[in-house]
Amino acid sequence: MGFARACSVALVGVEGVVVEVQADLEPGVAAFTLIGLPDKSLVESRDRVRAAVVNSGVEWPQKKLTVGLSPASVPKGGSGFDIAVACAVLGAAERIDPAAIADVVMIGELGLDGRVRPVRGVLPAVLAAAEAGYRQVVVPEQTAGEAALVPGVSVLGVRSLRQLIAVLGDEPVPDEPAADRGRPDAMLAGLMMPGAGIGTGLAPVGTQGAGHRPDLQDVAGQPRARKALEVAAAGGHHLLLSGPPGAGKTMLAERLTAILPPLSRQESLEVTAVHSVAGILPPGEPLVTRAPYCAPHHSATMQSLVGGGNGLPRPGAVSLAHRGVLFLDEAPEFSGRALDALRQPLESGHVVVARAAGVVRLPARFLMVLAANPCPCGRHTLTGAGCECPPSVVRRYQARLSGPLLDRVDLRVEVEPVGRADLMGRGGRGETSADVAARVREARVRAADRLAGTPWTTNSEVPGHELRTRLLAAPGALMAAERDMERGILTARGLDRVLRVAWTVADLRAADRPDASDIATALELRTGIHRGVPVRAGDS
């Protein structure tokens, strides 16, 4: 009787569970049994592995073969177990030394000819292996760069099963022809989710090609909306842009990622792990360093926004926008259930999705930007524009954004129609994204220094209790906010969010703490009621 084991990783959401792949050979009728709660694609690995082994020049054992995936209670799916299954079988057949593969984590799909094909989710799988104490990983050559992002792990990238057998047996490694670089590499198809290309709202339009990158300087006029965008980027505050069509709401939202600071190393790993699982990680770019941007269509379902799908839930738009921007254009056109499902991630920074197959926790700390027209025709706020929407229709349209959802939005800005002078450039061009991004970075540094030693890094994450007890505003600064709370204009959550915005405004002007004018600015940005104080974010 022969026995051997290797290791692989099962992904549950964006978290990995190390799976021990055990192979047992016994005398009897030749058969191949795979146990351990595999799904359909994993059951098919029996035929892939057998063909790959034979076509690699190795004899297939003609015995009763049982392959077990432990722990058996964890659902397992995908083709990433193929290499581990093949090596465990060869170890049980004594073609390779069982001790050489016992503590090696193997991730990758096998082609029928023995080539190793890349799979999605390599980074979170290797992270899980490193956390479990494993230090040796075998992955497809195309994803070796992604696996190498995990420190303390030795990564071996292979092109074929033949190469892997030679490495494990200390034999001469055969040369495998590289893919023809004159055409797209068909092997990379396993890394991309079908339909996750250009046009799916996963990047601003200007960044999807090699052409012009969106810049704030392209936006004509809109000084108040530009300042609100700067405050949102500096403090991580959610933003609502409302106004008539053609005023520039989408242009502003698409330029928000350009003024956000680059991701830290830990944030980059988090975002890369989500994108790797979702199949939207661009080939050749193993690490995401810039804040992502996700703009789903208003017909998106609740499952596509927060996560879902058949079996174990997959990341939704809120997770694809983790550490970046989630832009909901034509927000009132989204279904009410889909919008209200955003309440939990807006507060907690993650989504817990429960399905019959299991419960998955997905990261979802994003900056939300909503864009809305004032009425179905969009001309309600324009003088002499001929809006024919009855008042009841306007009220119903605006009520599609529920009160509890809007209560979680820190900044609400009316985007005015662009005048002829601004559009023709007579009023001068505004600041570039680079200038605004520099102020945003300085404000973030001030906030990070103030919050050092706490679990928070931006003002939008600070709990209200800390704002009212430890991080105090200037004496008497809160009088206007307290009056609004007594009148019912502000809720308790709204007061906390006003304080957070006021701290961001103070950081942008390099002040030690917010004063009465900062509170007034935050109230104006929160309620939309003009207070007679200019928005002075970025003023010195």
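Just so it is clear, the model here is predicted, and its values are computed rather than measured.

Draft legend 1. Fine view of the pattern of salt bridges. A complete count under the given rule lists 28 salt bridges for this structure. Arginine 50 is the partner of aspartate 47 in a salt bridge, and the nearest nitrogen-oxygen pair spans 3.3 Å. Here aspartate 47 and its partner arginine 50 are both found in helix H2 (residues 45-55), three residues apart, which amounts to about one turn of the helix. The salt bridge partner of arginine 487 is aspartate 484, with a shortest N-O separation of 3.9 Å. Judged by relative accessible area, which is 60%, arginine 487 ranks as exposed. Taking relative accessible area as the criterion, aspartate 484 reaches 2% and is therefore assigned buried. Each of Glu347, Asp407, Arg408, Asp410, Arg493, Arg497 and Arg526 takes part in one network of salt bridges that share partners.

Draft legend 2. A look at the nonpolar core. Counting residues in each nonpolar core, the largest one holds 57 residues, and the members touching the most others are Leu239, Leu256, Ile259, Val369 and Ile519. No other element matches the eight residues that helix H21 (residues 492-508) contributes to this core. Beyond its immediate sequence surroundings of up to four residues, leucine 256 is in contact with Leu229, Ala233, Val325, Leu367 and Val369.

Draft legend 3. Inspection of the pairing of strand S10 (residues 239-242) at higher detail. The alternating pattern of S10 places Leu239 and Leu241 and Leu240 and Ser242 on opposite faces, both of which are buried. Alignment of S10 against strand S15 (residues 367-372), held across four bridges, turns out to be parallel. Among the inter-strand pairings, leucine 240 is bridged to a residue of S15, identified as leucine 370. Sheet topology note: the S10/strand S16 (residues 411-414) ladder contains four bridges and is parallel.

Draft legend 4. Expanded view of the packing of aromatic side chains. Within this structure, the stated rule accounts for two aromatic pairs. On the basis of an interplanar angle of 35 degrees and a centroid distance of 5.7 Å, the ring pair of phenylalanine 32 and tryptophan 60 is categorised as tilted. Taken together, the positions of phenylalanine 32 in strand S3 (residues 31-35) and tryptophan 60 in the loop between H2 and strand S4 (64-70) put the pair 28 residues apart, joining distant regions of the chain. You can call phenylalanine 32 buried: its relative accessible area is 9%. Ring centres of tyrosine 293 and phenylalanine 327 lie 6.4 Å apart, and the angle between their planes is 35 degrees; on these two criteria the pair is classed as tilted. Residue tyrosine 293 is located in strand S11 (residues 293-294), and its partner phenylalanine 327 is located in strand S12 (residues 325-328); the two are separated by 34 residues in the primary sequence. For phenylalanine 327, a relative accessible area of 2% puts it in the buried group.

Draft legend 5. Local environment of the pairing of strand S14 (residues 358-363). As defined by bridge partners, strand S13 (residues 350-355) adjoins S14 across six bridges and the pair is classed as antiparallel. Pairing of histidine 350 across the sheet is with proline 363, part of S14. Where S13 hands over to S14, the hairpin turn is made up of two residues, counted between the paired strands.

Draft legend 6. Looking closely at unusual backbone geometry. A cis geometry characterises the amide bond from serine 70 onward to proline 71, with omega recorded as 5 degrees. Assignment of secondary structure puts proline 71 in the loop between S4 and helix H3 (82-92). Backbone geometry places alanine 510, a non-glycine residue, at a positive phi of 60 degrees. Take alanine 510: it is sitting in the loop between H21 and helix H22 (516-527).

Draft legend 7. Representation of the sheet that holds S15 in the model. Strand order in this open sheet of five strands is S11-S12-S15-S10-S16, and the pairing throughout is parallel. With partners counted over all chains shown, the strands left at the sheet margins are S11 and S16, one partner each.

Draft legend 8. Focus on the packing of helix H18 (residues 433-450) against H21. Direction vectors running N to C along H18 and H21 enclose 120 degrees, while the axes themselves pass 8 Å from each other. For H18 against H21, the interelement crossing comes out right-handed. Residues Arg439, Ala443, Arg446, Ala447 and Arg450 of H18 form the contact with H21, whose own contacting residues are Trp503, Asp507 and Leu508. A class-by-class count of the residues in the contact of H18 with H21 yields four nonpolar, no polar and four charged.

Draft legend 9. Region of the structure containing the environment of arginine 441. With respect to the helices and strands, arginine 441 occurs in helix H18. Expressed as a C-alpha distance, the spacing of arginine 441 and leucine 260, which sit 181 residues apart in the sequence, is 7.7 Å. What arginine 441 contacts, discounting residues up to four positions off in sequence, is Pro261 and Pro262.

Draft legend 10. Structural detail: the packing of H21 against H22. Between H21 and H22, whose axes approach to 8 Å, the crossing angle comes to 120 degrees. Comparing their axes, H22 and H21 come out oblique. At the point where H21 passes H22, the crossing takes the right-handed sense. In this structure, H21 uses Gly494, Arg497, Val498, Leu499, Val501, Ala502, Val505 and Ala506 to contact H22, whose residues at the interface are Asp518, Ile519, Thr521, Ala522, Leu523, Leu525 and Arg526.

Draft legend 11. Helix H8 (residues 223-235), seen in detail. Taking 1.5 Å per residue, 13 residues should reach 18 Å; H8 reaches 19 Å between its end C-alpha atoms and fits that length. A large share of H8 lies buried, amounting to eleven of its 13 residues. Considered for burial, the residues of H8 that qualify are Ala225, Arg226, Lys227, Ala228, Leu229, Glu230, Val231, Ala232, Ala233, Ala234 and Gly235. Once H8 finishes, glycine 236 follows within two positions and takes phi at roughly 70 degrees, a positive value.

Draft legend 12. Structural context of the side chain of serine 8. Counting through the fold element by element, serine 8 comes out in strand S1 (residues 2-12). Within polar-contact distance, the side chain of serine 8 engages the backbone oxygen of methionine 106 at 2.9 Å. Apart from the residues lying within four places of it in its own chain, the contact partners of serine 8 are Val17, Val18, Val19, Val21, Gly80, Phe81, Ala84, Val105, Met106 and Ile107.

Draft legend 13. Representation of the confidence of the model for the protein in the model. On average, the protein scores 87 in pLDDT, and the residues at 70 or more come to 89%. A low-confidence stretch, residues 205-211 (pLDDT under 50), is modelled with ten contacts involving residues beyond four sequence positions or located in other chains.

Draft legend 14. Molecular detail of H2. Taken residue by residue, H2 has Ser45, Arg48, Val49, Ala52 and Val53 as its buried positions. Axial view of H2: buried residues confined to an arc of 125 degrees, hence all on one face. Buried residues along H2 sit in contact with S3, helix H1 (40-43), H3, strand S6 (109-110) and helix H7 (161-168). At the C-terminal side of H2, glycine 57 shows a positive phi close to 85 degrees.

Basis of the calculations
Residues numbered from 1 in each chain as written. Predicted model: local features only at pLDDT ≥ 70, side-chain atom pairs only at ≥ 80, totals over all residues. Heavy atoms only, no water. Salt bridge = Lys/Arg side-chain N within 4 Å of Asp/Glu carboxyl O. Helix = DSSP H or I, 4+ residues; strand = E, 2+ residues; numbered from the N terminus. Buried < 20%, exposed > 50% of the residue type's maximum accessible area, 1.4 Å probe, protein only. Core = buried A, V, L, I, M, F, W, Y, C linked by side-chain atoms within 4.5 Å. Contact = heavy atoms within 4.5 Å. Pairing = 2+ DSSP bridges. Phe/Tyr/Trp six-rings, centres within 6.5 Å; stacked < 30°, edge-to-face > 60°. Axes fitted to C-alpha atoms, helices over the stretch in contact; angles between N-to-C directions. Left-handed = near helix turned anticlockwise from the far one by under 90°. Nonpolar A, V, L, I, M, F, W, Y, C, P; charged D, E, K, R; others polar. Parallel < 35°, antiparallel > 145°, perpendicular 65-115°, else oblique. Expected span 1.5 Å × (residues − 1). Polar contact = N/O pair within 3.5 Å; in protein donor to acceptor, adjacent residues only side chain to side chain. pLDDT = per-residue confidence, 0-100. Arc of directions from axis to C-beta.

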